[in-house]
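Here is what each chain is made of, one letter per residue.
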Amino acid sequence: RGSRGGGGAAAEGSDMAASMRRLFVYGSLMHPRVRTALLQHDPVASPAVLSGYHRYQVHGEVYPAIRPLADSNVAGQVLELTEDELAVLDRFEGREYERIEVEVLVDGSEVQPAFAYMWVADEAELHGAWELSEHFDVEAFMGGEKRSEHF
């Protein structure tokens, strides 16, 4: 990656900022321990809301999924990530999810583009609503058979 306009720390910093991508997270990736285990650090997280989607429980799992639903909102966080970090999370999310482009309200003030992982597997597996404080057990999640290879 070359620097623009003569190099130096300022140019390098702007290259770094330009290469960062926003990711809206709404489930297991809201937990700092999960993010740190996957990315080897805990990126800064800002509160955000995704409109026009619903966060469902996934049958038999401790993690959620989102699907479009009019007049619904999902509270979550936005992370600033590198392309390499997004690639790690793409592998982590697997085939049940697809990374899509969305717009989120960040810090209650500004709508920004971001990526989010949307459920693309069998919708019959989705039911009800999912809340981090009620449905997420980090120990069960990190030790679970399906995800343990990542931790």
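Rules used throughout
Residues numbered from 1 in each chain as written. Predicted model: local features only at pLDDT ≥ 70, side-chain atom pairs only at ≥ 80, totals over all residues. Heavy atoms only, no water. Pairing = 2+ DSSP bridges. Helix = DSSP H or I, 4+ residues; strand = E, 2+ residues; numbered from the N terminus. Contact = heavy atoms within 4.5 Å. 1 Å grid on protein atoms, 1.4 Å probe; cavity = no way out; pocket = protein on both sides within 12 Å on 5 of 7 lines; lining within 4 Å. Points joined across faces, edges and corners; volume = space filled by probe spheres on them. Nonpolar A, V, L, I, M, F, W, Y, C, P; charged D, E, K, R; others polar. Buried < 20%, exposed > 50% of the residue type's maximum accessible area, 1.4 Å probe, protein only. Arc of directions from axis to C-beta. Salt bridge = Lys/Arg side-chain N within 4 Å of Asp/Glu carboxyl O. pLDDT = per-residue confidence, 0-100.

Our focus in this paragraph is the pairing of strand S3 (residues 64–81). Note: strand S1 (residues 21–25) against S3, five bridges, orientation antiparallel. For Arg21, the partnering residue across the bridge sits in S3 and is Leu81. Hairpin geometry of strand S2 (residues 45–58) and S3 is characterised by an intervening segment of five residues between the two adjacent antiparallel strands and by a positive phi of about 75° at Gly60.

The next subject is the environment of Val138. With respect to the helices and strands, Val138 occurs in helix H5 (residues 138–143). Measuring from C-alpha to C-alpha, the distance between Val138 and Ser28 comes to 7.8 Å, with 110 residues separating the pair along the chain. Leave out the neighbours within four places in its chain, and Val138 touches His31, Arg33 and Val34.

It is worth spelling out empty space enclosed by the protein at this point. One pass over the full model with this rule turns up one cavity of 30 Å³ or more. Approximately 130 Å³ is the volume found for the largest cavity. Surrounding the largest cavity, 15 residues form its lining, Tyr26, Gly27, Ser28, Leu29 and Glu93 being those nearest its centre. Listing elements by their share of the lining of the largest cavity, those giving two or more residues are S1 and helix H3 (83–93). Tallied by class, residues from the lining of the largest cavity come to 11 nonpolar, two polar and two charged.

Taken together, the buried positions of helix H2 (residues 32–39) are Val34, Arg35, Leu38 and Leu39. Considered in projection along H2, the buried side chains sweep an arc of 105° and stay on one side of the axis. Where H2 is buried, its residues meet S2, S3, H3 and H5. Just downstream of H2 lies Gln40, where phi reads positive at about 70°.

Now for the pattern of salt bridges. In the structure shown here, the tally under the stated rule is seven salt bridges. Linking Glu123 and Arg67 is a salt bridge whose minimum nitrogen-to-oxygen distance equals 3.1 Å. Of this pair, Glu123 sits in the loop between strand S5 (110–119) and strand S6 (126–127) while Arg67 sits in strand S3, and the two are 56 residues apart along the sequence. Relative accessible area serves as the criterion here: at 47%, Glu123 is assigned to the partly exposed category. The exposure class assigned to Arg67 is buried, which follows from its relative accessible area of 18%.

Turning next to the confidence of the model for the protein. Per-residue confidence for the protein averages 86 on the pLDDT scale, and 83% of its residues sit at or above 70. No element of the protein has a lower mean pLDDT than helix H1 (residues 8–19), which averages 47, and none a higher one than strand S4 (residues 97–106), which averages 98. Low pLDDT, under 50, characterises residues 1–15; the stretch is placed with nine contacts to residues that sit more than four places away or in other chains.

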